[in-house]
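# Report on the structure
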Amino acid sequence: TQLLEQSPQFLSIQEGENLTVYCNSSSVFSSLQWYRQEPGEGPVLLVTVVTGGEVKKLKRLTFQFGDARKDSSLHITAAQTGDTGLYLCAGGAGGTSYGKLTFGQGTILTVHP
Amino acid sequence: GAGVSQSPRYKVAKRGQDVALRCDPISGHVSLFWYQQALGQGPEFLTYFQNEAQLDKSGLPSDRFFAERPEGSVSTLKIQRTQQEDSAVYLCASSLAELALETQYFGPGTRLLVL
């Protein structure tokens with residue numbers, strides 16, 4: 001069974017601070033995705049990384065896939081109150097052709113004004 | 001265009017009751033997934049459909065859980081003889097093709113509370 005461990009589970013910061021969320025596993029994933037989920041809504045895809053060592057930037061968000069494709073990180077620069085939400089990492093299982101995802105337990109981010 | 005819709009949005013059931021949760025995927029999407037999200041946790045995979053074929057049901061917790069997609073569009077997740085541990089948000093997601101990296105679009109979920 002492939003597992004993804006996210007840390008920290010909770011993060012409470014002031015607007016303007018930087019933060020990093022980690023997603024780790026002992027298993028290799030074919031791809032790693034990051035989602036953001038608002039209360040009462042489903043997760044929304046932020047980014048997909050597929051190559052070991054890959055770095056993708058989305059405005060103030062930087063995503064990195066580990067060289068061995070077992071871990072990933074999400075870094076947010078100068079956090080804003082609108083960044084508040086649940087952040088989920090999800091790994092795509094190798095060996096399946098249809099995109100079955102294994103999710104981490106999530107990081108609840110609260111950005112205070 | 002319309003996204004993935006789910007109904008009902010909230011369901012309260014007494015222990016032992018049967019419930020049916022509906023998912024309307026984005027029109028034309030081949031793949032459909034069901035996930036279960038317990039409070040404070042990430043979603044967990046339940047089952048996968050490619051058109052009307054259920055290709056993976058490895059995540060269904062017990063034989064009380066049953067899913068169908070008879071015409072390759074709308075899907076229903078049925079839970080028989082509900083138990084308190086079935087309380088969770090049930091998420092449906094669809095994607096255009098059956099490819100591994102195809103983006104999954106999630107519905108808002110059905111929040112099930114079993115008393």
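Scroll up to find the structure this text is about.
Residues numbered from 1 in each chain as written. Chains lettered and ligands numbered in written order. Predicted model: local features only at pLDDT ≥ 70, side-chain atom pairs only at ≥ 80, totals over all residues. Heavy atoms only, no water.

## What about the layout of surface pockets?
In this structure, the largest pocket occupies an estimated 560 Å³ of space. Lining the largest pocket are 32 residues, and of these Gln37 and Leu86 of chain A together with Gln37, Leu39 and Arg111 of chain B sit closest to its centre. For the lining of the largest pocket, the secondary-structure elements that each account for two or more residues are β9 (85–92) and β11 (107–112) of chain A together with β9 (88–95) and β11 (110–114) of chain B. If you tally residues by element for the lining of the largest pocket, the top one is β11 of chain B, at four residues. Here the lining of the largest pocket is composed, by residue class, of 14 nonpolar, 14 polar and four charged. Estimates place the volume of the second largest pocket at around 380 Å³. Taken together, 21 residues form the lining of the second largest pocket, with Leu3, Thr102 and Phe103 of chain A together with Pro43 and Glu44 of chain B sitting closest to its centre. If you list the elements that add at least two residues to the lining of the second largest pocket, you get β10 (101–103) of chain A together with β4 (31–37) and β5 (44–50) of chain B. (1 Å grid on protein atoms, 1.4 Å probe; cavity = no way out; pocket = protein on both sides within 12 Å on 5 of 7 lines; lining within 4 Å. Points joined across faces, edges and corners; volume = space filled by probe spheres on them. Helix = DSSP H or I, 4+ residues; strand = E, 2+ residues; numbered from the N terminus. Nonpolar A, V, L, I, M, F, W, Y, C, P; charged D, E, K, R; others polar.)

## Topic: the sheet that holds strand β1 (residues 5–7) of chain B
All names here are of chain B. Pairing is antiparallel across the open sheet formed by four strands, whose spatial order is β1-β3-β8-β7. In this open sheet, the two strands that pair with only one neighbour each are β1 and β7 (65–68). When strand polarity is set aside, the average angle formed by the axes of neighbouring strands in this sheet is 15°. When β7 meets strand β8 (residues 75–79), the two strands line up antiparallel, connected through four bridges. Within β8, the residue paired with Ala67 across the bridge is Leu77. (Pairing = 2+ DSSP bridges. Axes fitted to C-alpha atoms, helices over the stretch in contact; angles between N-to-C directions.)

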